[in-house]
Amino acid sequence: MAPGIDFSRWWGKEDNTRKGNPVVVTMENPNYSVLEIDGPDSAFQPVDKGRGKNAKQFTWVLLLKAHKAVGCVAWLGSAIWALLGAIKKRLIFGEGVSVESEKSAKGKFLFRLILTFLVMSLAFLSFEVVAHLRGWHYFQNHNLHIPQTLEIKGWFHTVYVLWLEFRADKIAPLIQSLSTFCIILFLIQSVDRMVLCLGCFWIKFKKIKPRIEGGNPFKSQDLEASNYTYPMVLVQIPMCNEREVYEQSISATCQLDWPKERLLIQVLDDSDDESIQWLIKGEVSKWSQRGVNIIYRHRKFRTGYKAGNLKSAMNCAYVKDYEFVAIFDADFQPNPDFLKQTVPHFKDNPELALVQARWTFVNKDENLLTRLQNINLCFHFEVEQQVNGVFLNFFGFNGTAGVWRIKALEESGGWLERTTVEDMDIAVRAHLNGWKFIFLNDVKVLCELPESYEAYRKQQHRWHSGPMQLFRLCLPAIITSKIAFWKKGNLIFLFFLLRKLILPFYSFTLFCIILPLTMFVPEAELPIWVICYIPVFMSFLNILPAPKSFPFIVPYLLFENTMSVTKFNAMVSGLFQLGSSYEWIVTKKAGRSSETDLLAAEERESKAMSLQLQRGTSDSGLSELNKIKECQESVPRPHVKKKMNKIFKKELALAFLLLTAAIRSLLSAQGMHFYYLLFQGVSFLLVGLDLIGEQMS
């Protein structure tokens, strides 16, 4: 018999709150359980609220929680597995087309140095984890020393204590000194950036812009009454294997609104592919038949890259008849009124050597990589070039979308083949000879941004190795020049050292090397304002010229630190005259055009065709054009293979170094350091696996 325990008193309380008809349940063959009672009143003690669930319900709760935990682990495992699969895919399929050539010994040294730091960090992490699990939490206050009376608990503990003493006495002071030096450089560069931004705000506030002496004659209603004569202008389009962009560039240049008899276009083709040569010849012949003064030049011996190409073109006998030369790279598409907006600035201004226009980009919203490049270049033109042009009358020539006075080029020594930044070279030499520059922020020329990280990386390597090459070569000339002392200081300290050498040096050293090391040597600390506050503020200033890109401020900050590896490597190779500093690789283009540009080009094309029909075309010209078209069709097109994504070893090694340091920061409970190292490590990982931008084809 079951014990006759009366629970009607408790049930009565519950029955008062229940509604509905009572239900009587009859149990057949009931199963009774035996309950052991310690005392006579133990059965009538109040029930513990924590035991409101029976064993079966508690089991189900545990199973549900375990299911959720397993789901999270499974998701994390699948993500790691996918990442490992991507790495395996890059390793297996990317061997034949690896972009990491590592030709220079310095490049190999940098990679091995990063790899050494990675191996050491993994060893230190394992060492610290074991010590942490054993409860050896020393140096919580990093300014204290280990007490001499500390009890030794075995050989491992002895090694750990010796490591702590060596770390605090020997390693930490060195890292702290280097970090202090980098922080000083960081603050100096930040002050320079703020001064540039204040100068830009002042220009906007005062509405300062270059003025044309006597006003722009082309805005006058009667051009003849203004007594303005069109000067002779030479237009040069240097290109090399530019299959994707040659047509739109030649088309835009041939439609410049300038008297045909006072304009000559040189297409300077350095292509080594015969099929591309025939395509460019056909395009030149087509516009020549329409009455445009355009000629095609091809060098048999391609020496000096772009500088050699321009130098060879300037040696032509007919160049002496021209007063100005406009230069456009193969992917640039000037507006028809470009010359009318730039050339009049030379009027009654004999000291002016260069008029530089601003770049605008047809594919700035193509992918994340182009958006981040747009932020950088908008700051360069809106702030750096404009401020230097207004207050100093000097800035670095951008190599394209500019008009030069030919006399200034000749007096400055012309194009030299000694560096890969021939544009900066001629600008510095012209400045040393007393010539002035003007930057037009409101005159924009359409061009294209590199859409793949591989192309962008090669471009940045050339842009950061060349200035260091040039600095070595120009330093004696700068010191012995007759320009003012403050101009010499601006060239040496600001133009070269601060913006071309110090910036990549401290960016790489401080954020990619010192910061991870401070996680393993916590006695050397980096302040939180160095890691977070000032970089975010500087990124906010950089993004102001492109306000629509504000949502990308965090990716921009992380990506700029990621690019510091390439810039640092290029800076070192250029400074020490290594082999990779002389490497010139043409930036890969996609040949994109905006919809409005295509419509305008179609309209201009139809107008040009109608003019051609009105003027008539000679039979000899048509026969020559037909021959070129037949040759184009007969030349076989090369088979283009789509390349796989590449692996960039330095970026990948730094990714694992930063992620290892992020794990180490968890032991010391440094929240901001952990998040920064985690996100920066992930950004290095994405770039190292070439998961940003488009694939090269």
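Keep in mind that this is a model prediction, so the values were computed, not measured.

Chemist: Quick question: what am I supposed to make of the overall build of the protein here?
Modeler: Counting its secondary structure elements, the protein contains 19 helices and seven strands. Evaluated residue by residue, the protein yields a buried proportion of 48% over its 697 residues. Intrachain contacts of the protein at a sequence separation of at least 6 include 82% that bridge at least 24 residues. Of the roughly 37300 Å² of accessible surface on the protein, 60% is carried by carbon and sulfur atoms.

Chemist: What is the right way to look at unusual backbone geometry in this model?
Modeler: Residues other than glycine predominantly adopt negative phi, and peptide bonds predominantly adopt the trans conformation. The phi angle at Asp348 is positive, at roughly 55°, despite the residue not being glycine. Residue placement: Asp348 occurs in the loop between α8 (338-342) and β5 (352-361). For Asp348, a relative accessible area of 58% translates into the label exposed. Residues other than glycine seldom take positive phi values, yet Ala401 does so here, at roughly 60°.

Chemist: Is there a simple way to think about the UniProt feature "transmembrane region" (unreviewed entry) in the protein in this case?
Modeler: The positions that UniProt labels "transmembrane region" (unreviewed entry) are, in the present scheme, residues 109-127, 491-520, 526-544 and 651-667. Measuring from the first to the last C-alpha atom of residues 526-544 gives 28 Å, for a span that is 84% helix and 0% strand. As a span, residues 651-667 carries 100% helix and 0% strand, and end to end its C-alpha atoms are 25 Å apart.

Chemist: I keep staring at the environment of Val586 and nothing clicks. Help me out?
Modeler: Within the fold, Val586 resides in the loop between α15 (553-575) and α16 (595-615). Between the alpha carbons of Val586 and Cys240 there is a distance of 7.3 Å; along the sequence they are 346 residues apart.

Chemist: Is there a simple way to think about the side chain of His345 in this case?
Modeler: Tracing the backbone shows His345 in the loop between α8 and β5. Accessibility expressed as a relative area gives 6% for His345, which makes it buried. Setting aside chain neighbours within four positions, we find His345 in contact with Pro210, Arg211, Ile212, Leu352, Val355, Ile438 and Leu440.

Chemist: Would you mind showing me how to read the pairing of strand β3 (residues 294-298) here?
Modeler: In summary, the side chains of a regular strand alternate between the two faces of the sheet. With five bridges connecting them, strand β2 (residues 263-269) and β3 associate as parallel partners. Note that in β3 the partner of Ile265 across the bridge is Ile294. In this fold, β2 hands off to helix α6 (residues 274-289), which returns the chain to β3; that crossover is right-handed.

Chemist: Mind showing me how you'd approach the sheet that holds strand β6 (residues 402-405) here?
Modeler: Read from one edge of the open sheet, seven strands run β3-β2-β1-β4-β6-β5-β7, paired in mixed fashion. Edge positions in the sheet fall to β3 and β7 (436-447), since each has one partner strand and no second. Neighbour-to-neighbour, the strand axes of the sheet open up by a mean angle of 20°, direction not taken into account. Examined bridge by bridge, β5 and β7 share nine bridges and lie parallel to one another. Bridge pairing in β7 links Trp359 to Val445.

Conventions used here
Residues numbered from 1 in each chain as written. Predicted model: local features only at pLDDT ≥ 70, side-chain atom pairs only at ≥ 80, totals over all residues. Heavy atoms only, no water. Helix = DSSP H or I, 4+ residues; strand = E, 2+ residues; numbered from the N terminus. Buried < 20%, exposed > 50% of the residue type's maximum accessible area, 1.4 Å probe, protein only. Contact = heavy atoms within 4.5 Å. Areas by Shrake-Rupley, 256 points an atom, 1.4 Å probe, with all protein chains shown as cover. UniProt positions renumbered as here; feature names shortened; annotations may be inferred. Pairing = 2+ DSSP bridges. Right-handed = clockwise from strand over helix to strand, strands pointing away. Axes fitted to C-alpha atoms, helices over the stretch in contact; angles between N-to-C directions.

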